[in-house]
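Geometric and topological summary
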Amino acid sequence: MTRMTPVLVINSGSSSFKYQLLDMDTERTLASGLVERIGEPVGVARHTVHAAALAAADGPAPAVLDATRTRELPIPDHTAGFAVMLDAFAAHGPSLAETPPVAVGHRVVHGGARFFEPTLVTPLVEINIDELSLLAPLHNPANLAGIVAARAAFPEVPHVAVFDTAFHQTLSPAAYTYAIDAEVAASHRIRRYGFHGTSHKFVSEAAAAFLGRPLGELKQIVFHLGNGASVTAIDGGRSIDTSMGFTPLEGLVMGTRSGDIDPAVLFQLQRRAGMSVDDLDDLLNKRSGLLGLAGSNDLRDIRSAIERGEPRAILAFEVYVHRLRAYAGAYLAQLGGADVISFTAGVGENAPGVRAGALETLGFAGVEIDHARNESAERGIRIISTDASAVTVLVVPTDEELEIARQTLSVARP
């Protein structure tokens, strides 16, 4: 049999979790799945065996499609969900009995100022993750539920927490400090933390490797543009500024989130519209951004509406791009220029109009987009700038699961 070093990656939400089993000797995905609608009368579990897992013992992966199986059944909690996942591995493969994971990696959204690197999970770490739920009440409790269930399912295997905020622990006090009363900020841990760190780290390192240049000598700007969106200025592999702040609400216009907004707007809405704190939270996180402006948080719908000449869609796109340009310019100033600008995630990888619009005014900084390259249907990591551009512009598909697996193995290598 071909040697394997399997790592299982878990991304747990409040009513679902995603998983991926990777062979870290080849960095291929062997299997992946989604268990969702946990706690509802009928849950859904999908398990996909990837072609890499079907490879002959000493040969290449066969030319077959990935095989997906779906089950519908009650899944009352995360522990039951893990039992369903283990049943899927046993029934459809790859066999965890024959190739058990050497470690399990967990995505944890918020590490506060405590966690700045991948961390072996212990009872004390679990307590800390739970306590940090005060900063991420929608995410950390769900992340912890996945950790508890996974440790019960794999009690003899090291578990590693990989924190979204960790990559941004290199921000300077000038970058992470809000200009509010210092005692109030300290008492309630109010500061900028940044998010999407796993993706920003992966993409910046992948860009350096693709260009054959040392990471330490590059000034990079990475746009992670999905339903959630953030941009990070990276100097020599270190995050020096990032658009998300105390929560993932700050920064860019997103699918349903407003991004930057004058705080006094909230006072006005509370006083004049009678909106409660919960109403305002719902407005800014779930009914704003592209959805609030155009009625859809899907850029494909917005592009179609723009082609029909709908003013709401046109304005939404213009607002979205305006914010991208503003941050691009700010981070060029913070870095003192850039060597590389990369786009990643669902929008960043698949929306050439967004990429072109974001960089359209940056010719003064040596940024030149090659429109044919930018519009190409080519996939994978690629250059979309001209050969003469002083700044290399890339599209870099992100792989947060692979990054989590790499970081997990770095501290739990057998």
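The model shown is predicted, which means the values in this text are computed figures rather than measured ones. (Residues numbered from 1 in each chain as written. Predicted model: local features only at pLDDT ≥ 70, side-chain atom pairs only at ≥ 80, totals over all residues. Heavy atoms only, no water.)

Before going further, it helps to spend a moment on the overall build of the chain. A count of helical and extended segments in the chain gives 15 helices and 14 strands. The C-alpha atoms of the chain give a radius of gyration of 22 Å, which matches the 22 Å a tight globule of 414 residues would have. Viewed in the frame of its principal axes, the chain has a C-alpha envelope of about 55 × 55 × 45 Å. Within the chain, the fraction of its 414 residues that count as buried is 48%. Mean positive and mean negative side-chain charge positions of the chain (34 and 47 charges, respectively) differ by 2 Å. (Helix = DSSP H or I, 4+ residues; strand = E, 2+ residues; numbered from the N terminus. Rg over C-alpha atoms; globule rule 2.2 N^0.38 Å. Buried < 20%, exposed > 50% of the residue type's maximum accessible area, 1.4 Å probe, protein only. Lys, Arg positive; Asp, Glu negative; His and termini not counted. Charge placed at Lys NZ, Arg CZ, Asp CG, Glu CD.)

The sites that UniProt annotates as "site: Transition state stabilizer" (unreviewed entry) are H196 and R257. Relative to the helices and strands, H196 resides in the loop between helix 5 (182-187) and helix 6 (197-211). Exposure remark for H196: the relative accessible area of 12% places this residue in the buried category. Residues contacting H196, with those up to four places away along its chain left out, are D164, H168, H224, G228, A229, S230 and M244. Its location among the elements puts R257 in the loop between strand 11 (238-242) and helix 7 (264-273). Side-chain polar atoms of R257 contact the backbone oxygen of P248, separated by 3.4 Å. (UniProt positions renumbered as here; feature names shortened; annotations may be inferred. Contact = heavy atoms within 4.5 Å. Polar contact = N/O pair within 3.5 Å; in protein donor to acceptor, adjacent residues only side chain to side chain.)

Under the local residue numbering, the UniProt record ascribes the feature "binding site: Mg(2+)" (unreviewed entry) to N11 and E400. A compact arrangement is adopted by the annotated residues: their sequence extent is 390 residues, whereas the largest C-alpha distance between any two is 10.0 Å. Locating N11 in the fold gives a position in strand 1 (residues 6-12). Given the relative accessible area of 18%, N11 is considered buried. Ignoring any residue separated from it by four or fewer positions in sequence, one finds N11 in contact with F17, K18 and R107. You can see E400 is positioned in helix 15 (residues 400-412). Taking relative accessible area as the criterion, E400 reaches 23% and is therefore assigned partly exposed. Non-local contacts of E400, meaning those with residues more than four positions away in its chain, are made with T198, S199 and H224.

Our next topic: the sheet that holds strand 12 (residues 340-344). Pairing is mixed across the open sheet formed by 6 strands, whose spatial order is 11-10-9-12-14-13. For this open sheet the edge positions go to strand 11 and strand 13 (382-383), each flanked by a neighbour on one side alone. Strand direction decides the pairing type here: strand 10 (residues 229-235) and strand 11, joined by 4 bridges, are antiparallel. Note on strand 11: the bridge partner recorded for D235 is R238. Across the face of the sheet, helix 13 (residues 352-359) comes into contact with strand 9 (219-225), strand 12, strand 13 and strand 14 (392-395) while running at roughly 150° to strand 12. (Pairing = 2+ DSSP bridges. Axes fitted to C-alpha atoms, helices over the stretch in contact; angles between N-to-C directions.)

Once that is clear, we can look at the environment of E36. Mapping E36 onto the fold places it in strand 3 (residues 28-36). Along the sequence, E36 and I75 sit 39 residues apart, while their C-alpha atoms lie 8.4 Å from each other.

A few words now on the sheet that holds strand 4 (residues 43-49). The 8 strands are arranged 5-4-3-2-1-6-8-7 in an open sheet whose pairing can be described as mixed. Looking at which strands have only one partner, the edges of the open sheet turn out to be strand 5 (67-73) and strand 7 (119-120). Pairing of strand 6 (residues 103-108) with strand 8 (residues 159-163), which is carried by 5 bridges, proceeds in the parallel orientation. Pairing of V104 across the sheet is with H159, part of strand 8.

Further remarks concern the environment of R300. Within the secondary structure layout, R300 lies in helix 10 (residues 299-307). In this structure R300 comes out as exposed when scored by relative accessible area, which is 56%. On a C-alpha basis, the gap between R300 and S204 in space is 27 Å, while along the polypeptide they are 96 residues apart.

Turning to the packing of helix 11 (residues 311-335) against helix 13, a few remarks are in order. Close contact between helix 11 and helix 13 brings their axes to 8 Å; oriented N to C, the two are set at 50°. Put simply, helix 11 runs oblique to helix 13. The handedness of the crossing between helix 11 and helix 13 is right-handed. Residues F317, Y320, V321, L324 and R325 of helix 11 form the contact with helix 13, whose participating residues are G353, V354, G357 and A358. Looking at the contact of helix 11 with helix 13 residue by residue, the class counts come to 6 nonpolar, 2 polar and 1 charged. (Parallel < 35°, antiparallel > 145°, perpendicular 65-115°, else oblique. Left-handed = near helix turned anticlockwise from the far one by under 90°. Nonpolar A, V, L, I, M, F, W, Y, C, P; charged D, E, K, R; others polar.)

What follows concerns the environment of L290. Examined against the element boundaries, L290 turns out to sit in helix 9 (residues 289-294). Each C-alpha atom, one on L290 and one on Y320, is 7.7 Å from the other, the two residues being 30 residues apart in sequence. Residue contacts for L290: discarding those within four places in its chain leaves V253, M254, G255, G295, S296, N297, L299, I302, A316 and Y320.

What follows covers unusual backbone geometry. Residues other than glycine predominantly adopt negative phi, and peptide bonds predominantly adopt the trans conformation. Put simply, G93 and P94 share a cis peptide bond, and its omega is -10°. Topologically, P94 is positioned in the loop between helix 1 (78-92) and strand 6. Located in the positive-phi region is R37, a residue other than glycine, with phi close to 60°. We classify R37 as partly exposed; its relative accessible area is 41%.

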